[in-house]
Amino acid sequence: APAPISVFLAGLLLKMGGYGFIRINIGLLPEASREYAWIFITFGIITMFYGSIVAMVQKDLKRMIALTSINHMGFVLVGIFAGIAATTSQGAVFGISGAIFQMFNHAAAIGLLFMLSGYIHENTGTRNIDELKGVKITMPRTAMVLVLASLAGMGVPIYSTFLSEYMVFLGAISANIWYAITVIIPVITVSYFLWMLKRTIMTPAPEGVKRHDLKPFSTIILIMYLIPLIILILFPNLLLSVVDPISNVLFKAVGGA
């Protein structure tokens, strides 16, 4: 799909899946959701590992971002049903609120990466990571935005993606200590993002290659994707104050204490 459509798919339509799990599975079938939560959590963990491991071998920048999106939505699935399976209301809040928080953060972080992949493809004629050497030299503004967007995709602590993933981990562990295996996922995610940045930015530019860089106005527009992620790592209650009561209601609806 063209980059703007990819942003629409990742930023909005994927969230309909998470909304469906919360609204339909838990809302209409609360007891079954709690009893069979482990099945959904298992699929979520498989999704997280699949998305991150397959992303490691991609040479197409946009495919790598798409698999990162799959990885992130695995967090949502694990968080929702780990919250339902939790033994305490605090664990439920961590899991369900973390999942909803992750959906919001994913929209901004992956939306930016998809949009940036479209700019890079338009300005260079390729999305092949091996052919994007020397971006720091030939496209400095693009390189700067790519680094900032990649940090958001990795979930570094300067962005709220870190907080939502951390909450999902806490919710998962509160449901079952074996779900702690999910903490491996950020390590894999960081590794393939750094691999991509090394091959596109930290390499010399080929001789005679001329590329068009992002215009200043486009750079500002793209960086605006990151503003909500920075605000919410500083003031997470702007979102969580609305989401946490919903998590408590859902936890009680499935028979939680």
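Residues numbered from 1 in each chain as written. Predicted model: local features only at pLDDT ≥ 70, side-chain atom pairs only at ≥ 80, totals over all residues. Heavy atoms only, no water.

S.K.: In this structure, what is going on with the overall build of the protein? I would like to understand it.
M.R.: Tallying secondary structure elements over the protein gives 12 helices and zero strands in all. When the helices and strands of the protein are listed from N to C terminus, the series reads α-α-α-α-α-α-α-α-α-α-α-α. Over its C-alpha atoms the protein spans a radius of gyration of 19 Å, differing by no more than 12% from the 18 Å that the globule rule assigns to 257 residues. Of all 257 residues assigned to the protein, the portion counted as buried reaches 52%. (Helix = DSSP H or I, 4+ residues; strand = E, 2+ residues; numbered from the N terminus. Rg over C-alpha atoms; globule rule 2.2 N^0.38 Å. Buried < 20%, exposed > 50% of the residue type's maximum accessible area, 1.4 Å probe, protein only.)

S.K.: Sorry, what's going on with the side chain of Ser33 here?
M.R.: You can see Ser33 is positioned in helix H2 (residues 30-35). With relative accessibility at 3%, the residue Ser33 sits in the buried group. A polar contact of 2.6 Å, which involves the side chain of Ser33, links it to the backbone oxygen of Asn25. Polar contacts involving the side chain of Ser33 include one to the main-chain carbonyl oxygen of Leu29, which spans 2.7 Å. Leaving out residues up to four positions away in the same chain, Ser33 has contacts with Asn25, Ile26, Phe81 and Ile84. (Polar contact = N/O pair within 3.5 Å; in protein donor to acceptor, adjacent residues only side chain to side chain. Contact = heavy atoms within 4.5 Å.)

S.K.: In this structure, what is going on with the nonpolar core? I would like to understand it.
M.R.: Across soluble globular proteins, nonpolar side chains have a tendency to be buried as a group. In terms of nonpolar packing, the biggest core is built from 72 residues, with Met64, Leu116 and Met196 touching the most fellow members. Sort the elements by how many residues they give to this core and helix H5 (residues 89-124) lands first, with 14 residues. The contact partners of Leu116, leaving out residues within four places of it in the chain, are Thr142, Val145, Leu146, Ala149, Leu214 and Leu222. (Core = buried A, V, L, I, M, F, W, Y, C linked by side-chain atoms within 4.5 Å.)

S.K.: Can you help me understand the pattern of salt bridges in this one?
M.R.: Once their charged atoms are close, side chains differing in charge can pair, the charge on each being opposite to the other. This structure, assessed with the given rule, holds two salt bridges. Linking Asp60 and Arg127 is a salt bridge whose minimum nitrogen-to-oxygen distance equals 3.1 Å. Of the two residues, Asp60 sits in the loop between helix H3 (37-55) and helix H4 (61-85) while Arg127 sits in the loop between H5 and helix H6 (135-138), which places them 67 residues apart along the sequence. Here Arg199 ties to Asp130 by a salt bridge, and the two come within 2.2 Å at their closest N and O atoms. Highlighted residues: Arg199 in helix H9 (residues 184-200) and Asp130 in the loop between H5 and H6, separated in sequence by 69 residues. (Salt bridge = Lys/Arg side-chain N within 4 Å of Asp/Glu carboxyl O.)

S.K.: When you look at the packing of aromatic side chains in this model, what are you seeing that I'm missing?
M.R.: The description of two aromatic rings rests on the distance between their centres and on the angle between their planes. By the definition in use, this model includes six aromatic pairs. Considering the side-chain rings of Phe40 and Phe81, the 4.2 Å spacing of their centres and the 5° angle between planes classify their relative orientation as stacked. Linking Phe40 in helix H3 with Phe81 in helix H4, this pair joins segments that are 41 residues apart in sequence. Its relative accessible area of 25% is what places Phe40 among the partly exposed residues. (Phe/Tyr/Trp six-rings, centres within 6.5 Å; stacked < 30°, edge-to-face > 60°.)

S.K.: How do you make sense of a nonpolar patch on the surface when you look at a structure like this?
M.R.: Taken together, Phe217, Ile220, Ile221, Met224, Ile227, Ile230, Ile231, Leu234, Phe235 and Leu238 make up a surface patch of nonpolar side chains, about 1000 Å² in accessible area. Only helix H10 (216-223) and helix H11 (227-234) provide two or more residues apiece to the nonpolar patch. In terms of residue count, the dominant contributor to the nonpolar patch is H11 (four residues). Structurally, the position occupied by Phe217 is in helix H10. (Patch = residues over 30% accessible without salt bridge, like charges linked within 9 Å, V, L, I, M, F, W, Y side chains within 5 Å. Areas by Shrake-Rupley, 256 points an atom, 1.4 Å probe, with all protein chains shown as cover.)

S.K.: For this particular structure, what's the right way to read the environment of Ala99?
M.R.: Examined against the element boundaries, Ala99 turns out to sit in helix H5. Assessed through its relative accessible area of 0%, Ala99 is described here as buried. On a C-alpha basis, the gap between Ala99 and Ser164 in space is 6.9 Å, while along the polypeptide they are 65 residues apart. Residue contacts for Ala99: discarding those within four places in its chain leaves Val76, Gly79, Ile80 and Val168.

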